[in-house]
Amino acid sequence: MTPEVEALTPTHLRDGALEPAVIEDLLYQGFQARLLERSVRELVRAGDLDSRFAGFTVDFRSVVLARAMRCGADGRGDVCCPGPLSPGPSLAFGVTPLEFLRYAGLKRTSASAARSGGRSWTDLRRGLIGWSGPRGTMTQVLAGVALAFRQRRERRAALVFEDWRATQTGAWHEGMSLAAARRVPLIVVLARSGAGKMNGGACGLSDIAANYGIAAVSVSEEPHVQLFQVAAGARRNAVEGRGPTLLGLAAPREGDRWAGHDALVGWAIARAGLSDRILKSAQKDARIGVEHAVQRLRREPECVPRDALAPVHTGAAPIPPWTRSQVPQPNDPTHFEAPGGTPVR
Amino acid sequence: MTPEVEALTPTHLRDGALEPAVIEDLLYQGFQARLLERSVRELVRAGDLDSRFAGFTVDFRSVVLARAMRCGADGRGDVCCPGPLSPGPSLAFGVTPLEFLRYAGLKRTSASAARSGGRSWTDLRRGLIGWSGPRGTMTQVLAGVALAFRQRRERRAALVFEDWRATQTGAWHEGMSLAAARRVPLIVVLARSGAGKMNGGACGLSDIAANYGIAAVSVSEEPHVQLFQVAAGARRNAVEGRGPTLLGLAAPREGDRWAGHDALVGWAIARAGLSDRILKSAQKDARIGVEHAVQRLRREPECVPRDALAPVHTGAAPIPPWTRSQVPQPNDPTHFEAPGGTPVR
Amino acid sequence: MSEALWEEMERDDRVFLMGEDIGAYGGAFKVTRGFLRHFGPERVIDTPISEGGFTGAAAGAAHMGLRPVVEMQFMDFISPAYDVLTNYIATSLYRGAGALPLVVRGPVGGGNRGGPFHSQNVEMAFFHTPGLKIVYPSNPKDAKGLLKSAIRDDNPVIFEEHKGLYRAPFCREVLPRDDYAIPLGRARTVLEGRDLSIVTYGLMVHRCLVAAEELAKDGIRAEVIDLRTLLPLDEDAIAASVRKTGKLLIVHEDTRTGGIAGEIAIRMNERAFEWLDGPILRVTSIDSPVPFSGVLEDYFQPSANDVVTAGRYLVKY
Amino acid sequence: MSEALWEEMERDDRVFLMGEDIGAYGGAFKVTRGFLRHFGPERVIDTPISEGGFTGAAAGAAHMGLRPVVEMQFMDFISPAYDVLTNYIATSLYRGAGALPLVVRGPVGGGNRGGPFHSQNVEMAFFHTPGLKIVYPSNPKDAKGLLKSAIRDDNPVIFEEHKGLYRAPFCREVLPRDDYAIPLGRARTVLEGRDLSIVTYGLMVHRCLVAAEELAKDGIRAEVIDLRTLLPLDEDAIAASVRKTGKLLIVHEDTRTGGIAGEIAIRMNERAFEWLDGPILRVTSIDSPVPFSGVLEDYFQPSANDVVTAGRYLVKY
Ligand SMILES: Cc1ncc(C[n+]2csc(CCOP(=O)(O)OP(=O)(O)O)c2C)c(N)n1
Ligand SMILES: Cc1ncc(C[n+]2csc(CCOP(=O)(O)OP(=O)(O)O)c2C)c(N)n1
Ligand SMILES: [Mg+2]
Ligand SMILES: [Mg+2]
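Keep in mind it's a predicted model, so treat the numbers as computed, not measured.

1. Quick notes on the pairing of strand 2 (residues 158-163) of chain B
Residue and element names in this part refer to chain B.
- Among the six residues that make up strand 2, six are buried, leaving the element largely enclosed by the rest of the structure.
- Burial along strand 2 is two-sided: A158, V160 and E162 facing one way and L159, F161 and D163 facing the other are all buried.
- Pairing analysis gives three bridges linking strand 1 (residues 79-81) to strand 2, with the strands arranged parallel. If you follow V79 over to strand 2, its bridge partner there is A158.
- Of the pairings in the sheet, the one linking strand 2 to strand 3 (residues 186-191) comprises six bridges and is parallel in character. Along strand 3, the bridge assignment pairs E162 with L190.
- Once the chain exits strand 2 it traverses helix 7 (residues 170-182) before rejoining the sheet at strand 3, and the crossover so formed is right-handed.

Set out below in structure tokens:
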């Protein structure tokens, strides 16, 4: 454990003393994510899901990080924006595979009638805020979420996932500056994708953090116990008024991306006394959930065109377009009235 | 001399060995600036200049910094944006008091017919780029100037003055990131005004610089010899491909703002062997120049309204507004033609 | 403005302010003087210079049920927030993330010798973005009532305060004491007439009234409509007036090409073409940045005289 | 696009490229594939993710006599550069700092299931800004000729490339080998007719041609005009057509309120009111963000059938 990790790790979590319920949850969510990943690829192949999801993956580390927050469905838990690591953190925040698939499948039953894509999933009661706009935007938005917590003296934290290169944007810089200046309870995860290459002039994580006068820590070890601990520690610092933390996440390991989950299972059995029975049941529950979702997805209704006309202001009817196959007929009095109110011609 | 200053200072300039011609120039420009400052205030009082210039001051340090660049009038020297420290650096880059007053006085004879204000003064042959837009913008623009130098392998540098708090803007961050990533020959002066207060979360100059992986140095000593040396050193680093430098400038001293210039005069006499004759003639030249400018300003023609219609595209005539007292008359065929080309009614 | 903010903050503790130097300093135009002491630093937040950052943060706070009111020191500085306003804030309701009740307010407009960068009108930067509302009052009384409505509205509102309102003599009125709110989306007929409809907003309302007086000397009775809210546009009010007069003149301080006159023109083609007895015309500022020199700025802006010329032309048409 | 860039870079060594991942990676749409190797890293510059920063830097480089062409990975990402484009770049000539010869180009438009943030048309964000030019070609041949003119133009140009142009079958044409440039500011009459003028641009040109064929079956001869350059607008071409047909229908893929149809409508009121035998109408996308779902997106966009309906209505009017 590096000194930074040491400093962040809450005492009651030292040496991997994760509570059994949390361990169980993490394993379950890991199984779910693995199955979801495989199912999505199959659904794409079968034409049930859009080809945009062909490269779909879940980063298990994002599940672990998010699970270290206080997730609740009552609108009073922590708030998270999964950003480019969607939907990993959403699973930790209680989104079911079916809900995710509805959204990804652009179904009428998705939260917003699939007006926007999978990463835009927002459910404020669960504490999930979807992504919209260029890199950096979500750090601004989550800084504001954290500002609200601080202002109301709630012991809640905001968590946002960003790409590493998002730090190059002015948007990120302004969001981070504000968060740092107000010392709001915000945790920013900077994930290296490994795919692209760095073009910025900077810099190490600690250089970035120093510029904003905030804490920073990078973790990469498996079985991700430390990852959980660091996130929990950053959260504790946040809610106790010690300001934002940057968490650096290394590029996902080459080869088997699920080795981290496997290692956590091993660790849980060897070091945390997880019983085989519980492990099996977590596996089974995950499988049932994902299978149900996949079956169900096929029967979900498609979007209907009028949803494109969803109002853009509360309380307002959507503005009808001037001409659509059905509307308006040339004599439609709502569109062209002659003097005296009679239809034209 | 701190180690940072030491590292930046060019060998031939060590221990204050400024060339006599430069010393003379600096003193002359200082006298000019002092007189200009006083004259502007008088012109405002007399109603010859706009009340926007009531609080007009010149920061002599900005003259010194700019004089350390290679100033030329052939479009091949260094390039500077005086930003909030206008017009100090402009004087060093050869702008005459009359030219400045024409601009400040919104006269027809100013470079742009006074379509924009004093800080927007641009003269590319002299290497001056005016200010437009919010804080941070000019760092982006001067980064691009420096990029052009690098691309053409010219030994030229770009210098930009910004407020200290400009570093909080996303615009500045993006400009600085790009400059750092490309290691372009850019020098950024960050000036504390002393007027406002710092609201950002950050930070020391060195923290900021580390974030971009670039050099930084702060200077505040009088008689500003070191200031000149540091700027010259930053310039040398820049043109030799060692990338950008941040120069931190402390808030102007309380009380007599011209003590720095006085100290430089004293230093020049005591340490650099400046003769009384040369000093007197610098003083006299400065006075003649400023007095001429003030006299002349009163006789300069005012702007004429058609200048508001200056074209916004090269080669294009300005678009006439539809109605102005003189244009168009209801029967003006250029505006309303009847079928067959005859005027309406 | 100050009164509306104060009263809304007293009424609803979800309302809070963010901006540059609005706390200890009281804001560039002193709109928030005294607020910090009364409401405390959690509700009057001095931010770094980061219009994008604090507008984005306002969105986050609004997600959490607060009602942020952010100040742009000059509305010109809204440009760094253009991105988050159009791409995140405006789309939120549509994306299913809920509407964001926030107000972005600040001084706009020329005539103050502010030059290209302290004189802009920003309505057309946002008029094309579904999901936003845009309010632009013409007098202090409306400003107070409209700002209250803007704060109470569940949607993001851009609120433009003409600098002329802060001090122009014709605006020195005593405001009603009671808690009144003026609904968004409704224009006001400032002057009734039957020969010509003049549709305008902001400072130009006053110039059009001067022009209308002048036209009245020729026996021309102009109707003057103050839009008050630009988005959503009160096209019913405009159409009703056009159906009465048959002539439409649009006057705006903003520059010409791509100004709001275009949208009004095509809506009236759609809604009132049969009643038009002449072309829809406009009097606007010139297509150029706002000039710094006062002489040029006066020429650049529409004058009452320009309105009279155009009005006479249209009535004779 | 690729050809135009390549040829211009060969012709003029002041031309260089900046953008995200345009070098080694060759750009998101592979427009600059092979450029890095041929022109080297000083002329094909990979930038940090900083649209504002590198657009501002382009301005500086342009001041120094270079001719930067910057790429937005998607034009949606131009929003962080909105500030520097409107406040610095567009005002430069007017302020006396000289015109800035630079091009900002990138993919626009929907139909690719990109959702709200990878499908936008950005013309109306800039149409209101004096000093900019906006180009929006409808086919690869025009795109090449217009891009060359844009690069050679001394003014800042926003160049919108519809994603449909990169691959749509109707766009598979062999381009002329010779070095041709198409002047900015000139519309093209794609189809002549005398019953109805349809003014459009970009992808909608193709949809309007389909509609015109359909209308022809009813004996309606529609004239289809492709604007090609949106700013400055070729109002002479539009007016000439309207004077011939008496009926004007404007079709744009961009959303409705505040779209370019408004400006065209008021200009034709100013220039051709006497010839209008019916209201100026428009067929556009719906006032909403671009929907992600394909079903919704198709409904959201104007269809050829919508154009036919409106065209029939106008001709009968
Ligand atoms: C402001 C902005 N510009 C451009 C994009 C387009 N974009 C999406 S992902 C991406 C690259 C992100 O790189 P990242 O994963 O952070 O770096 P890596 O770890 O792969 O090197 C870009 C440029 C964007 N999302 N936002
Ligand atoms: C992006 C932007 N927002 C707002 C402004 C308005 N503004 C002009 S000066 C200034 C304060 C600058 O403070 P500064 O002098 O850097 O800090 P100080 O040294 O006075 O503490 C502000 C907010 C601006 N110029 N640019
Ligand atoms: Mg990535
Ligand atoms: Mg300052």
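2. Description of the interface of chain A and chain C
- Contact residues are listed per partner, giving 48 residues for chain A and 47 residues for chain C.
- Where chain A abuts chain C, roughly 3700 Å² becomes buried across the two surfaces, and 59% of that area is made up of carbon and sulfur atoms.
- Where chain A touches chain C, the interface holds one salt bridge.
- Across the pair R150 of chain A and E42 of chain C runs a salt bridge, and its minimum N-O distance is 3.8 Å.
- Run the count over chain A and chain C and you get 12 residue pairs in polar contact (both at pLDDT 80 or more).
- If you tally residues by element for the side of chain A that touches chain C, the top one is helix 6 (residues 137-151) of chain A, at 11 residues.

3. Points about the site of ligand 1
- Around ligand 1 lies a shell of 15 residues, among which R135, D163, R165 and S193 of chain A together with E51 of chain D are the nearest.
- Around ligand 1, the nearby residues trace back to chains A and D.
- The side chain of D163 of chain A places a nitrogen or oxygen atom 3.3 Å from an oxygen atom of ligand 1.
- Within the backbone of R165 of chain A, an N or O atom sits 2.9 Å from an oxygen atom of ligand 1.
- Protein burial of ligand 1: of its 590 Å² of free accessible surface, 87% is covered by the chains.
- The class makeup of the residues in the shell around ligand 1 is four nonpolar, four polar and seven charged.

About the cut-offs
- Residues numbered from 1 in each chain as written.
- Chains lettered and ligands numbered in written order.
- Predicted model: local features only at pLDDT ≥ 70, side-chain atom pairs only at ≥ 80, totals over all residues.
- Heavy atoms only, no water.
- Buried < 20%, exposed > 50% of the residue type's maximum accessible area, 1.4 Å probe, protein only.
- Helix = DSSP H or I, 4+ residues; strand = E, 2+ residues; numbered from the N terminus.
- Pairing = 2+ DSSP bridges.
- Right-handed = clockwise from strand over helix to strand, strands pointing away.
- Contact = heavy atoms within 4.5 Å.
- Buried area = accessible area lost by both parts, 1.4 Å probe.
- Salt bridge = Lys/Arg side-chain N within 4 Å of Asp/Glu carboxyl O.
- Polar contact = N/O pair within 3.5 Å; in protein donor to acceptor, adjacent residues only side chain to side chain.
- Near = heavy atom within 4 Å.
- Areas by Shrake-Rupley, 256 points an atom, 1.4 Å probe, with all protein chains shown as cover.
- Nonpolar A, V, L, I, M, F, W, Y, C, P; charged D, E, K, R; others polar.

So far we have only geometry, and geometry alone does not tell us how the molecule works.
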